[in-house]
Amino acid sequence: MAYDKFNILKSSAVPLPIENVDTDQIIPARFLKATERKGFGDNLFRDWRYNPDNTPKEHFVLNNPIYKGKILVGGKNFGSGSSREHAAWAVYDYGFRCVVSSFFADIFRNNCLNIGVLPVQVSPEFLDKIFTAIEANPDTEIEVSLPEQTITILESGESESFAINDYKKENMLNGFDDIDYLLNIKNNIEAFAQNTPL
Amino acid sequence: MCQLFVLYTKYCCFISCSKSKFKLNIVISAPNHYVYFFHILNLPSYILLFTVMSKTLFDKVWDSHVVQHIENGPDVLFIDRHLVHEVTSPVAFLGLKNRSIKVLYPERTFATADHNTPTLNQHLPVKDKLSANQLKALEENSKAHSIPYWGLGHEKNGIVHVIGPENGITVPGATIVCGDSHTSTHGAFGAIAFGIGTSEVEMVLSTQCIMQPKPKSMRINVNGTLNKAVTPKDVALFIISKLTTSGATGYFVEYAGDVFRNMSMEGRMTVCNLSIEMGARGGMIAPDEKTFDYIKGREYAPKGAAWDKAMTYWETLYSEDDASFDKELTFEASEIEPMITYGTNPGMGMGIKNDIPRAETLEGGAATYQKSLAYMNFNEGDAMIGKPIDFVFLGSCTNGRIEDFRAFASIIKGRRKADNVTAWLVPGSHRVEEAIKDEGILDILHESGFELREPGCSACLAMNDDKIPAGKYAVSTSNRNFEGRQGPGARTLLASPLVAAAAAVTGKVTDPRELMELETV
């Protein structure tokens, strides 16, 4: 299924300066029972966001109306743990199109790229700058340019480049997915399968 | 006349003949180099050196599965075996339906129900409607695509990473994926096995391939002899405590050294299972006689001529002596003690007799560390020994195999379950359950006041009713101690089956060595 194209995103950002945010926090397992991909945003960070009686926890950042935007900024080692793509779906469904961190867990990063959420890995120093800028002004705008592979704090003009492989970049710019690519080379795959030893 | 010789050894000599000329050439090559030797008649000899890395075990398996390499992009990797469960597959099947395509190789695909299933009264309809719906979806999808489905009650049913090896689906040199991060378990057989997301499940169902850049390689050596009461789980928790939960991110790990060579297949599975907890995509161990003996005769294992052919391939599966890794770490077995975790990620583990480290002694953010201890209601400097516990969970794809139940039984035999402890003992599969009965372990459990439940993932991720209540402490043989992992507000202490058993009979964190009989010298 093709997904939204990603080009340049300019938005304020939601800060979550916690390290090792695992996918069980992003979406707890008890919310993985759907057979369709919808509604996961409601349970994004469920147990950090809501009390057991379903009232919002007022100190959690998603419940603080001064923080909003399409960019989520997380601490080091974001998305560790379970391979559940539901975590990436929840991030997307809530309205985020980009996650920024100084380090991502592999599977979460892959899952994001596969559904059109851009994971942007920055240096720890630049991550601190972003957190500081948002703390000083929650409306701070951040610009993520996929064509240029840069992330910029617009107020200060501070900028850093980020890495993404050419193939995935092209996919995200055009909203293509891997299955389209694989289906196009199905003949090669079938020929390959004939000669596998197992 | 031109002769080209390609050599692949450290030291070599060969003789080249042309017309009446006879010449002995001795070439000493550097490690990791192919030597191309040109000898052209009546001209000086030319020696060209090209740097070509000798292959690691991982390289051999990965490279032989690359259908296509995309420049500055991923490899298209062919997948030999695809394991499917009810939670991460329905949206993938929906994708196939939307594209009007069928599963390309149903014979390479196997489905089981495990994540969502109850561990009591499996013969009755599943009460939770959403769970029942997911199970029904998997059954229908499997049927529509001619995939073998081992649902609740089926003799082959169990946790996906337990039944793969049990049925001979897991074999050396294979690429194995599943929409579950603990797919790394299957690396114990020398397979490349790792967890994937649902988009990738859809890719594998529809094309038997995924697209991923080749990870970097890491080798972790543990040499020497393990201390008393130190199990494979302790070895893994020890390594994770040294590397942290992101220390191996971007890498595929090979485990090498005496400790893994001497380990049973079950133990190797426990170690490889936990690779993901240090961020690695997967972990693997070169296959040996122990591996081949385990596989031989199992239902889906190759047989007859196919076995001989497979063995020819499998015997090539090791890292060359001069292969190099992007990172290599070595530990001594004697350093490792029975382990326990005290925080909210698997890297927060230590020897069971140690005190909880103080924030200032650790790298990383103090705020995150203190948040973690606050969740656990522990203090820096606390001893873990003696802390009261409420629940014990023995099971999961990490420690739900027969060897784990044997270990648990060895401690509880002749003792009673502590009154303040609720124990959930959940076999990894029906086969494990049968073995527990056949070996008399069930009798030992009953005599000590324990009950055995039915197979499934259970309290490892608490998708079913097996939830640890908020604020309660569970000594758990599973793989994750994340906040709320075993139920909202639950507090998890990860440990081996021996430590879990010691806690189950004493009602508190206890060093299992205190309960073990003194070894006769």
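Predicted, not measured: the structure shown is a model, and the values here were computed from it.

A. Seen up close, the interface of chain A and chain B. Listed by partner, the interface residues are 55 residues for chain A and 73 residues for chain B. Counting the surface lost from both chain A and chain B, the interface buries some 5,200 Å², and carbon and sulfur atoms represent 60% of this. Across the chain A-chain B interface, the total number found is 4 salt bridges. Here Asp24 of chain A makes a salt bridge to Arg485 of chain B, at a shortest N to O gap of 2.9 Å. Joining chain A to chain B, the criterion identifies 24 residue pairs in polar contact (both at pLDDT 80 or more). Those elements that provide at least two residues to the side of chain A that touches chain B are α1 (23-26), α2 (46-49), α3 (86-94), α4 (106-115), α6 (166-174), α7 (178-184) and α8 (186-194) of chain A. In terms of residue class, the side of chain A that touches chain B is built from 23 nonpolar, 14 polar and 18 charged.

B. Focus on the pattern of salt bridges. All names here are of chain B. Here the structure, examined in full by the defined rule, presents 30 salt bridges over all chains. Between Glu483 and Lys371 there is a salt bridge, and its shortest N-O distance comes to 2.8 Å. In this pair, Glu483 sits in the loop between β22 (473-476) and β23 (491-494) while Lys371 sits in helix α11 (residues 366-376), placing the two residues 112 residues apart along the sequence. The buried category is assigned to Glu483, whose relative accessible area is 13%.

C. Molecular detail of α11 of chain B. All names here are of chain B. Within the span of α11, buried status applies to Thr368, Tyr369, Ser372, Leu373, Tyr375 and Met376. Angular distribution of buried residues about the axis of α11 spans 155 degrees; they occupy a single face of the element. The exposed set on the far side of α11, more than 90 degrees from its buried face, consists of Ala367 and Ala374. Buried residues along α11 sit in contact with β22 and β23. Two residues or fewer past α11, Asn377 is found with a positive phi of approximately 60 degrees.

D. Geometry of the state of the cysteines. One pass over the structure, following the stated rule, counts 0 disulfides over all chains. Note on Cys112 of chain A: no disulfide assigned, nearest cysteine sulfur contributed by Cys98 of chain A at a separation of 9.3 Å. Judged by relative accessible area, which is 0%, Cys112 of chain A ranks as buried. Cys457 of chain B carries a free sulfur, and the closest cysteine sulfur to it, the one in Cys397 of chain B, is 6.6 Å from it.

E. Local environment of the side chain of Glu266 of chain B. All names here are of chain B. Here Glu266 is to be found in helix α8 (residues 265-273). In this structure Glu266 is buried but unpaired, with Arg406 as the nearest side chain of opposite charge at 5.7 Å. Residues in contact with Glu266, not counting those within four places in the same chain, are Tyr294, Arg401, Ile402 and Glu403.

F. Representation of the sheet that holds strand β15 (residues 251-256) of chain B. Residues and elements named next belong to chain B. On the basis of which strands lie adjacent, the open sheet formed by 4 strands has the order β16-β15-β14-β17 and parallel pairing. The open sheet is flanked by β16 (282-284) and β17 (327-332), the only strands paired with a single partner. Adjacent strand axes in the sheet meet at a mean angle of 20 degrees when their direction is disregarded.

G. The arrangement of the nonpolar core in detail. Judged by nonpolar contacts, the single largest core of 117 residues is most densely connected at Phe45 and Val144 of chain A together with Phe408 of chain B. Top contributing element to this core by residue count: helix α16 (residues 497-506) of chain B, with 8 residues. In contact with Phe45 of chain A, other than residues within four places in its own chain, are Leu16, Val21, Gln25, Ile26, Phe60, Leu62, Leu72 and Phe78 of chain A.

H. How the structure looks around the sheet that holds strand β8 (residues 158-161) of chain A. Residues and elements named next belong to chain A. Spatially, the 4 strands line up as an open sheet ordered β1-β6-β7-β8, and their pairing is antiparallel. Bordering the open sheet on either side are β1 (8-11) and β8, each of which pairs with just one other strand. Across this sheet, the average inter-strand angle for adjacent strands is 10 degrees, counted without regard to direction. Here strand β6 (residues 142-145) pairs with strand β7 (residues 150-153) via 4 bridges, running antiparallel. Bridging across to β7, Glu143 finds its partner in Thr152.

I. Representation of the pairing of strand β14 (residues 216-223) of chain B in the model. Residue and element names in this part refer to chain B. Most of β14 sits out of view: 6 of its 8 residues are buried. As defined by bridge partners, β14 adjoins β15 across 6 bridges and the pair is classed as parallel. When the sheet's bridge partners are listed, Met218 is paired in β15 with Val253. Remark: the β14/helix α6 (residues 232-243)/β15 crossover connection has right-handed handedness. Relative to β17, β14 is paired through 6 bridges, and the arrangement is parallel. From the neighbouring strand, Asn221 faces β17, where its bridge partner is Thr330.

J. Looking closely at the packing of aromatic side chains. Under the defined criterion, the tally for this structure stands at 24 aromatic pairs over all chains. Look at Phe78 of chain A and Phe104 of chain A: their rings are 6.4 Å apart centre to centre, the planes differ by 75 degrees, and that puts the pair in the edge-to-face class. Pair noted here: Phe78 of chain A is in the loop between β3 (71-74) and α3 and Phe104 of chain A is in the loop between β4 (98-101) and α4, with a separation of 26 residues, a long-range link. Since its relative accessible area comes to 0%, Phe78 of chain A is described here as buried. A residue is classified by how much of its surface remains accessible, and Phe104 of chain A, at 1% relative accessible area, is buried. On the basis of an interplanar angle of 90 degrees and a centroid distance of 5.3 Å, the ring pair of Trp307 of chain B and Trp314 of chain B is categorised as edge-to-face. Neither Trp307 of chain B nor Trp314 of chain B differs from the other in exposure class; each is buried. Among the aromatic residues, those joined into a cluster by ring pairs are Phe58, Trp62, Phe194 and Phe252 of chain B. Directly above the ring of Tyr92 of chain A sits Arg37 of chain A, whose terminal nitrogen or CZ lies 5.3 Å from the centroid. Sitting above the plane of the Tyr105 of chain B ring, Arg108 of chain B keeps its charged end 5.7 Å from the centroid.

Cut-off values and rules
Residues numbered from 1 in each chain as written. Chains lettered and ligands numbered in written order. Predicted model: local features only at pLDDT ≥ 70, side-chain atom pairs only at ≥ 80, totals over all residues. Heavy atoms only, no water. Contact = heavy atoms within 4.5 Å. Buried area = accessible area lost by both parts, 1.4 Å probe. Salt bridge = Lys/Arg side-chain N within 4 Å of Asp/Glu carboxyl O. Polar contact = N/O pair within 3.5 Å; in protein donor to acceptor, adjacent residues only side chain to side chain. Helix = DSSP H or I, 4+ residues; strand = E, 2+ residues; numbered from the N terminus. Nonpolar A, V, L, I, M, F, W, Y, C, P; charged D, E, K, R; others polar. Buried < 20%, exposed > 50% of the residue type's maximum accessible area, 1.4 Å probe, protein only. Arc of directions from axis to C-beta. Disulfide = S-S within 2.5 Å. Lys, Arg positive; Asp, Glu negative; His and termini not counted. Pairing = 2+ DSSP bridges. Axes fitted to C-alpha atoms, helices over the stretch in contact; angles between N-to-C directions. Core = buried A, V, L, I, M, F, W, Y, C linked by side-chain atoms within 4.5 Å. Right-handed = clockwise from strand over helix to strand, strands pointing away. Phe/Tyr/Trp six-rings, centres within 6.5 Å; stacked < 30°, edge-to-face > 60°. Lys NZ or Arg CZ within 6 Å of the ring centre and 35° of its normal.

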